[in-house]
Amino acid sequence: MAHELEIVSKTRVVEEGYSSPSSSSSSSSSEYETGCYHRISHSSSSTSTKMIFGLFLPSNYKNESTSNTPVMFWLSGLTCDDTNFAMKAGSRAFKAAEEQGIAIIMPDTSPRHDDSIPNVDSYDLGIGAGFYVNATTETYKKHYNMYNYITVELPQILNEKFNIGKDGAKSISGHSMGGHGSLTIAFREGPGAWKSVSAFAPICNPTNCPWGQKAFPAYLGDVESGKGHDATCLLEGMEKEKVLYDDVLIDQGTADNFLEEQLKPEKLVEAAKKCEQKVTLNMRNGFDHSYYFIAAFIESHVSFHGKYLNQK
């Protein structure tokens, strides 16, 4: 389907790419502009709703058919929408992305903006908690198709409307539920679709924690069906000769109150060792689960992805 896009807002976030208002080439509020963070709305075929995503364009970006700006996908966690990352860690992330010459796209975490979307009075299910799967249960299957939204629809929009991320020139990262999404999407889709993958405090073994044991039955019918969207289970089923990535970068705070019960990075590391997939797990002393933690280390993740995205 043809995607009609509308700029909801545009904010300058790096000085590079700025055009003087007196310049004939300066952009209006309805035009995309380099060095800016945009919020963009569209009707989604995946969720059957209006969706909004954020997009940072570096100063080297050109929307030309012969151009191909690489992109990092950022997937946010429970309760978040498309704005949290930009507001709380964007200043450092956008500066690093400008230095690397890469775009950053920041999708929502679930469908919203429509009264027909099923929801529950809970922070970890429903709106704000899509878990990056395609729901199969009757209640959720019409709207909750975030896996398809991230892996098919948004790449198509970036390719066709922006000349961004073509030929697999994209990487993926995220936090908490978004870290779960980044790992599982990268492991399922492989390096032909994603050049690199990283995560902050990801839910590493969701079939073995309360968040996943609540979400998977609701969206997929049972916990067992969630194994196909469990990073640890995916690595456990991987053969040694099919190692996917040079490295998987993970940062985890030692003071994270969800570490033992919900996140379980040790399970992922154990599974990775068995299939010989390299995982770099940085345990960050004293850091919790918040965006202060993400902001402290996001530049290293953007640089990590830039290294792979800029390889010729």
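Residues numbered from 1 in each chain as written. Predicted model: local features only at pLDDT ≥ 70, side-chain atom pairs only at ≥ 80, totals over all residues. Heavy atoms only, no water.

Caption draft 1: Region of the structure containing the side chain of S198. As for its placement among the helices and strands, S198 is situated in strand β7 (residues 197-200). Look at S198 and you get buried, because its relative accessible area is 0%. Apart from residues lying up to four places away in sequence, S198 is in contact with I172, S173, G174, S182, L249, H301, F304 and H305. (Helix = DSSP H or I, 4+ residues; strand = E, 2+ residues; numbered from the N terminus. Buried < 20%, exposed > 50% of the residue type's maximum accessible area, 1.4 Å probe, protein only. Contact = heavy atoms within 4.5 Å.)

Caption draft 2: Molecular detail of the state of the cysteines. For the coordinates displayed, the defined rule picks out zero disulfides. As a non-bridged cysteine, C209 has C204 as the owner of its nearest cysteine sulfur, 9.5 Å distant. A relative accessible area of 0% places C209 in the buried class. Distance from the sulfur of C233, which forms no disulfide, to the nearest cysteine sulfur (C209) is 11 Å. (Disulfide = S-S within 2.5 Å.)

Caption draft 3: Broad picture of the packing of aromatic side chains. Following the criterion strictly, the structure yields 16 aromatic pairs and no others. For the pair W74 and F85, a centre-to-centre distance of 4.3 Å together with 20° between the ring planes defines the contact as stacked. Of the two residues, W74 sits in strand β4 (residues 71-75) while F85 sits in helix α1 (residues 84-100), which places them 11 residues apart along the sequence. For the pair W74 and F85, a shared accessibility class is recorded, and that class is buried. Relative to F297, the ring of F293 lies with its centre 6.0 Å away and its plane at 65°, an arrangement referred to as edge-to-face. In this pair, F293 and F297 are both assigned in helix α8 (residues 291-309), four residues apart and thus about one turn of the helix distant. Judged by its relative accessible area of 0%, F293 is buried. The buried category is assigned to F297, whose relative accessible area is 16%. Taken together, the aromatic side chains of W74, F85, F200, F287, F293 and F297 make up a single cluster linked through ring pairs. The ring of Y147 has R188 lying over it, and the distance from NZ or CZ to the ring centre is 4.8 Å. (Phe/Tyr/Trp six-rings, centres within 6.5 Å; stacked < 30°, edge-to-face > 60°. Lys NZ or Arg CZ within 6 Å of the ring centre and 35° of its normal.)

The values reported here are purely geometric and, on their own, carry no functional implication.
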